[in-house]
Amino acid sequence: MLTIEDACSYGETADGTRCIDCGSCVHYRQAPDTLLGVCGHERRRA
């Protein structure tokens, strides 16, 4: 996933507000020095 992709319905921020993109989500883990990452939400793993 790209950091700038629109957040899914499971997106949440550290302060509990709705995410606008994957990069602001607490479940998103970004690879070092890239714009790519992985969603760690249990429902998105399947």
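The preceding data block contains the structure.
Attention in this report is confined to the structure presented alongside it.

Calculation criteria
Residues numbered from 1 in each chain as written. Predicted model: local features only at pLDDT ≥ 70, side-chain atom pairs only at ≥ 80, totals over all residues. Heavy atoms only, no water. Helix = DSSP H or I, 4+ residues; strand = E, 2+ residues; numbered from the N terminus. Polar contact = N/O pair within 3.5 Å; in protein donor to acceptor, adjacent residues only side chain to side chain. Contact = heavy atoms within 4.5 Å. 1 Å grid on protein atoms, 1.4 Å probe; cavity = no way out; pocket = protein on both sides within 12 Å on 5 of 7 lines; lining within 4 Å. Points joined across faces, edges and corners; volume = space filled by probe spheres on them. Nonpolar A, V, L, I, M, F, W, Y, C, P; charged D, E, K, R; others polar.

In this section: the side chain of His-27. Along the polypeptide, His-27 turns up in the segment before strand E1 (28–30). Polar contacts involving the side chain of His-27 include one to the side chain of Glu-12, which spans 3.2 Å. Apart from the residues lying within four places of it in its own chain, the contact partners of His-27 are Tyr-10, Glu-12, Val-38, Cys-39, Gly-40 and His-41.

Right, let's talk about the environment of Arg-29 for a bit. Take Arg-29: it is sitting in strand E1. Remark: the alpha-carbon pair of Arg-29 and Arg-44, spanning 15 residues in sequence, is separated by 13 Å. Filtering out sequence-adjacent residues up to four positions away, Arg-29 remains in contact with Gly-37 and Val-38. At 2.7 Å, the side chain of Arg-29 forms a polar contact with the backbone oxygen of Val-26.

Counting across every chain of the model gives 1 cavity of 30 Å³ or more. The computed volume of the largest cavity comes to approximately 60 Å³. Lining the largest cavity are Met-1, Ala-7, Cys-8, Gly-11, Cys-22, Cys-25, Tyr-28 and Cys-39. Tallied by class, residues from the lining of the largest cavity come to 7 nonpolar, 1 polar and no charged.

Honestly, that's just the spatial picture; any functional story needs more than this.
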